[in-house]
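Structural overview for review
Residue-level listing of the chains:
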Amino acid sequence: MISWIRRRRRDKQRAREASWVKERVVLTADSAGYLAVVFEPMGAVYEIQPGEGLVIVFEGPATHPGGVEHRADYVSVSPGLVGRMSAFDSAGDEIDLETAVPL
C-alpha cells in the first residue's frame, strides 16, 4: 500500500513537471563594473565581471516559473513557487545556488 502511494505521488509530480515551461535568462555586467546577482531565498551572492555572463534557467508552471528583479545595486533572482532554478557561468559550469560558487 505504501509503495502504491509513493508511486502515485511520483506519477503526479512527473505529470505536473511535464507541463512546466523552461525559461532562460542571460545576465551580463556592463563595461563599467561588476554585477552582483543574489540568489533568493538562499541569499548567496555571485558577481559577474565585465565581459562575463550568467545564464539563469527557470523551470516551473507557466504562470510563474521564476523571476528576475533588477534592484538599485544588484539583481535578485528567485525560483517560482513550486519550480526549479539553475545557474551557469560563462564557461558553462553550474553554480551552486546556496554558496554561489561553481560546482
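Calculation notes
- Residues numbered from 1 in each chain as written.
- Predicted model: local features only at pLDDT ≥ 70, side-chain atom pairs only at ≥ 80, totals over all residues.
- Heavy atoms only, no water.
- Pairing = 2+ DSSP bridges.
- Helix = DSSP H or I, 4+ residues; strand = E, 2+ residues; numbered from the N terminus.
- Axes fitted to C-alpha atoms, helices over the stretch in contact; angles between N-to-C directions.
- Buried < 20%, exposed > 50% of the residue type's maximum accessible area, 1.4 Å probe, protein only.
- Contact = heavy atoms within 4.5 Å.

Strand order in this open sheet of four strands is β3-β2-β6-β5, and the pairing throughout is mixed. The outermost strands of the open sheet, each flanked by one partner alone, are β3 (44–48) and β5 (66–70). Recorded for the sheet is a direction-independent mean angle of 20° between the axes of neighbouring strands. Bridge analysis of β5 against strand β6 (residues 75–79) gives five bridges, and the strand direction is antiparallel.

What follows concerns the side chain of serine 86. Inspection of the secondary structure assignment puts serine 86 in strand β7 (residues 84–89). For serine 86, a relative accessible area of 16% puts it in the buried group. Setting aside chain neighbours within four positions, we find serine 86 in contact with Val55, Ile56, Val57, Glu94 and Leu97.

Taken in spatial order, the three strands make up an open sheet running β1-β4-β7, and their pairing is antiparallel. A strand with exactly one partner marks an edge of an open sheet, and here the two such strands are β1 (21–28) and β7. Sheet twist, expressed as the mean angle between neighbouring strand axes with direction ignored, is 20°. In terms of strand pairing, β1 meets strand β4 (residues 53–60) through eight bridges, oriented antiparallel. Following the sheet pairing, glutamate 23 is matched in β4 by phenylalanine 58.

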